[in-house]
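Residue-level structural notes
Now for the letters of each chain:
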Amino acid sequence: MRSKISTNQVDEYIDKLSPEKQLLAQAVRQIISHTAAHLEECVRWENPCYFFYGPVCYFASSRSGLHFGFFRGKELSDPHRRLVSRNGQLPHIKLRTLDDIDEEYFSDLVRQAVHLNQN
């Protein structure tokens, strides 16, 4: 019988980021896991993605920081108008520093995205 010991792919992804981006990724990952611990976490399309009845959200390294995006972002209520989408990209929030992270707001977006997939 084989032992199933493997490193989490998302840990490997984060380990390859610059120290500044690692902090952003860890903060986003923590918000997602605290908001919806039941989401499946994996690396798809070369980025950490979260699934529940389909894709919910992801984060990805960008030139200037990190993108925190939502597969159905156009359907989310975004009163702060932080979700952007250019050139066919999925709607995402650009994160450059830890000051760009709004835990309450991001948690609300994750909850909305999960709810969309449940219906």
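Note that the structure is predicted; figures quoted are calculated from it, not measured.

So, on to the environment of Gly73. Examined against the element boundaries, Gly73 turns out to sit in the loop between β4 (65-70) and β5 (92-95). Residue classification places Gly73 among the buried residues on the basis of a relative accessible area of 5%. For the pair formed by Gly73 and Asp11, sequence separation is 62 residues and the distance between their alpha carbons is 25 Å. Excluding residues within four positions of it along the chain, Gly73 makes contact with Leu83 and Pro91.

What follows is about the layout of surface pockets. Quantified by volume, the largest pocket comes out at close to 160 Å³. In this structure, the largest pocket is lined by Ser62, Arg63, Ser64, His67, Arg86, Gln89, His92, Lys94 and Arg96. Along the lines of polarity and charge, the residues of the lining of the largest pocket split into no nonpolar, 5 polar and 4 charged.

Taken across its 5 residues, strand β2 (residues 47-51) has 5 buried, putting it largely inside the fold. Side chains Asn47, Cys49 and Phe51 project from β2 onto one buried face, and the interleaved Pro48 and Tyr50 project onto a second face that is buried too. Two strands pair when backbone bridges link them, and strand β1 (residues 40-44) and β2 are joined in this way by 5 bridges, in the antiparallel orientation. Across the sheet, the residue bridging to Val43 is Pro48, located in β2. From the end of β1 to the start of β2, which pair antiparallel, there are 2 residues, and Trp45 there has a positive phi angle of about 55°. The pairing of β2 with strand β3 (residues 55-62) spans 3 bridges and is classified as antiparallel. Residue pairing in the sheet places Tyr50 in a bridge with Cys57 of β3. Connecting β2 to the next strand, β3, in antiparallel fashion are 3 residues, including Tyr53 with a positive phi near 55°.

Time to look at a positive patch on the surface. On the surface, a cluster of positive charge is made up of Arg63, Arg86, Lys94 and Arg96. Locating Arg96 in the fold gives a position in the loop between β5 and α3 (103-118).

Evaluation of the coordinates by the stated rule reveals 8 aromatic pairs. Seen in terms of ring centroids, Tyr13 and Phe59 are 6.2 Å apart; in terms of plane orientation they differ by 70°. Their pairing is edge-to-face. With Tyr13 in helix α1 (residues 9-15) and Phe59 in strand β3, this residue pair connects regions lying 46 residues apart in the sequence. Grouping aromatic residues by their ring pairs yields a cluster made of Trp45, Phe51, Tyr58 and Phe71.

Analysis parameters
Residues numbered from 1 in each chain as written. Predicted model: local features only at pLDDT ≥ 70, side-chain atom pairs only at ≥ 80, totals over all residues. Heavy atoms only, no water. Helix = DSSP H or I, 4+ residues; strand = E, 2+ residues; numbered from the N terminus. Buried < 20%, exposed > 50% of the residue type's maximum accessible area, 1.4 Å probe, protein only. Contact = heavy atoms within 4.5 Å. 1 Å grid on protein atoms, 1.4 Å probe; cavity = no way out; pocket = protein on both sides within 12 Å on 5 of 7 lines; lining within 4 Å. Points joined across faces, edges and corners; volume = space filled by probe spheres on them. Nonpolar A, V, L, I, M, F, W, Y, C, P; charged D, E, K, R; others polar. Pairing = 2+ DSSP bridges. Patch = residues over 30% accessible without salt bridge, like charges linked within 9 Å, V, L, I, M, F, W, Y side chains within 5 Å. Areas by Shrake-Rupley, 256 points an atom, 1.4 Å probe, with all protein chains shown as cover. Salt bridge = Lys/Arg side-chain N within 4 Å of Asp/Glu carboxyl O. Lys, Arg positive; Asp, Glu negative; His and termini not counted. Charge placed at Lys NZ, Arg CZ, Asp CG, Glu CD. Phe/Tyr/Trp six-rings, centres within 6.5 Å; stacked < 30°, edge-to-face > 60°.

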